[in-house]
Structures are given as structure tokens and as C-alpha cells.
Amino acid sequence: METIIAGNWKMNMDPGESRTLVQELLQAVGAVKDRTIIVFPAFTSLPHVAEIVHNSVIKLGAQNMHWERSGAFTGEVSGLFLKQLGCEYVIIGHSERRHVLKEPDDWLNRKLKTALDIGLISIFCVGETQDERESGRTEEVITRQLDLGLKGIESEVHKMIIAYEPVWAIGTGKTATPDMAAQVHGFIRSQLTKPATILYGGSVKPENIDAIMKEEEIQGVLVGGASLKPDTFARIVKFTK
Ligand code: PGA
């Protein structure tokens, strides 16, 4: 199974900053062979980054898309447009969209279906909040997110990537221990009908990447804050098992 190191830039980096970041990142990672590197810039930076990563070791993805291909959806972006710009991947259901922007599970299900139809690889995010973990509901929450998100497309899960991102670990500096993450990864795997790549996300940094990637259950990482500095992200890309 391929190893994926993905950088979610969130609402950071304007077009000029994005160009610089990805140019420096390309230099810093050099010729990496056995891992897939994906960056997820803001929509407005995608064409700029696409021009630079074309035919390189870095692949391109978008942070969100709409489930319709076109139409009267003011402010939304079609997956087809993203593909035209060179995106191969799209993040669906990031916790900031689930919790802050209140995207419900059935929207995510529609988006996952459209991404499959048009040939974008989804990184589908699931994960519990602090309250849910503390009240012992982690597995229940993840089961619900997987059931509703993958409704009708369970048999195609091998064409997607799942990211386990405990909400309490995102941008907080708190990381799930590798063992805790591996346990939830194992649970997610047990809920899927086909083998899928499962990433961990939540305060991944150079200091914890080697330990995280030593876990058999973890096939890669989705990195937020630490993906905004080329040397830091390159160190994560170059983890040693
Ligand atoms: P973080 O974000 O690495 O800054 O915790 C992870 C994510 O949101 O994917």
C-alpha cells in the first residue's frame, strides 16, 4: 500500500506565498521515491501551484468541492474545475467543515459519490471530538461517520483514502499517541469491506512523525500547521520507520 504524506494548507498562503512554498518544498524533498506527497492549497492558489508541481514528485489536491458538476450554487466549486487545474485529490469532510461550517454527513456522501464519478481521489476525514472521546463514544461516532459518508459506495472504498483526525488533536499541539491512533485505525479497517489507505492527522510534526509511521496500521499522515514550512514538511516527508 502506498505511503501518503499530505499537506493541508487550509486558508493560508496567498498565490505568491504558495508559489514560494511549493518551490522551496520541491527543493527540500528532492527525489523521493517510495512515498506520495500531496499538497492542498487554497482554491485561489491552485493554478499557481499546479504550474510548478506539474511532472514533479508533488501531487495536487483541493480542500473541498461541491457535489454538483455545475449550476446555481453561488460560492461553490465544481470537482470538474479542480480536475482541469490538475487536482487528483480532494479532501472531503474535514472537521473544520463538519464542525465550523456544519456540513452534514449526507452532503459528504454526495461529494464522495461525485468525486468517485469524476475520478478525483477523496481523502475522507473522520474523527471524534474531545467530549466524544471522554464519554467513550469514539467508535460509535466513527461508525456513524463511516456508515453515513460511505452509504451506497462501501464497495468502492479502496478507491478512496480515509483520514482519522481526532478533532481534539487538530491544531492544538495535542497528538494522539501512535498507539491510540493505531487502535482507531484498526477499528476503522474492521468497519470497511475493502482495504483502504488510512492516514492519521492531528498535530503531526517532525518530532512525532517517525513514531507515528512505525505503526503498521498507519499508511501516512495529513498535516496542517507543519505543512506550511518547507523544511518542516520535508522532514516529515523523509520520516524513517
Ligand atoms: P494540524 O492539522 O496538523 O495543524 O493539527 C491537521 C489537519 O487539520 O488536517
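The structure presented is a predicted model; accordingly, all values stated were derived computationally and were not measured.

Peer 1: Honestly, the pairing of strand β2 (residues 36–40) in this entry has me stumped. Any pointers?
Peer 2: Side-chain positions along a regular strand alternate between the two faces of the sheet. Of all five residues in β2, five are buried; the element is thus mostly enclosed. Residues Thr36, Ile38 and Phe40 point to one face of β2 and Ile37 and Val39 to the other, with burial holding for every one of them. Bridge analysis of strand β1 (residues 4–8) against β2 gives five bridges, and the strand direction is parallel. Counted as the bridge partner of Ile5 is Ile37 from β2. At this point the chain moves from β1, through helix α1 (residues 15–29), to the parallel β2, and the crossover so formed is right-handed. Looking at chain direction, β2 and strand β3 (residues 58–62) are connected through three bridges and run parallel. The partner of Ile38 across the bridge, within β3, is Lys59.

Peer 1: I'm lost on the site of the ligand in this one. Help?
Peer 2: The environment of the ligand is formed by 13 residues, the closest being Lys10, His94, Glu165, Gly171 and Ser203. Lys10 is positioned with one of its side-chain polar atoms (N or O) 2.7 Å from an oxygen atom of the ligand. Contact between the ligand and Glu165: an oxygen atom at 2.7 Å from a side-chain N or O atom of the residue. When atoms are counted within 2 Å of each cavity's grid points, the one that captures over half of the ligand is the second largest pocket. Of the residues in the shell around the ligand, the class split is four nonpolar, seven polar and two charged.

Peer 1: Got a minute to help me understand the packing of α1 against helix α10 (residues 230–237) in this structure?
Peer 2: When two helices pack together, their arrangement is given by the angle between the helix axes and by the axis-to-axis distance. The N-to-C vectors of α1 and α10 enclose an angle of 40°; their axes lie 9 Å apart at closest approach. As summarised for this structure, α1 and α10 are arranged oblique, according to the angle between their axes. α1 and α10 meet at a crossing whose hand is right-handed. When α1 is examined against α10, the residues Leu21, Glu24, Leu25, Ala28 and Val29 are found in contact with a partner set consisting of Pro230, Asp231, Phe233, Ala234 and Val237.

Criteria and thresholds
- Residues numbered from 1 in each chain as written.
- Predicted model: local features only at pLDDT ≥ 70, side-chain atom pairs only at ≥ 80, totals over all residues.
- Heavy atoms only, no water.
- Buried < 20%, exposed > 50% of the residue type's maximum accessible area, 1.4 Å probe, protein only.
- Helix = DSSP H or I, 4+ residues; strand = E, 2+ residues; numbered from the N terminus.
- Pairing = 2+ DSSP bridges.
- Right-handed = clockwise from strand over helix to strand, strands pointing away.
- Near = heavy atom within 4 Å.
- Polar contact = N/O pair within 3.5 Å; in protein donor to acceptor, adjacent residues only side chain to side chain.
- 1 Å grid on protein atoms, 1.4 Å probe; cavity = no way out; pocket = protein on both sides within 12 Å on 5 of 7 lines; lining within 4 Å.
- Sits in = over half its atoms within 2 Å of the grid points.
- Nonpolar A, V, L, I, M, F, W, Y, C, P; charged D, E, K, R; others polar.
- Axes fitted to C-alpha atoms, helices over the stretch in contact; angles between N-to-C directions.
- Parallel < 35°, antiparallel > 145°, perpendicular 65-115°, else oblique.
- Left-handed = near helix turned anticlockwise from the far one by under 90°.
- Contact = heavy atoms within 4.5 Å.

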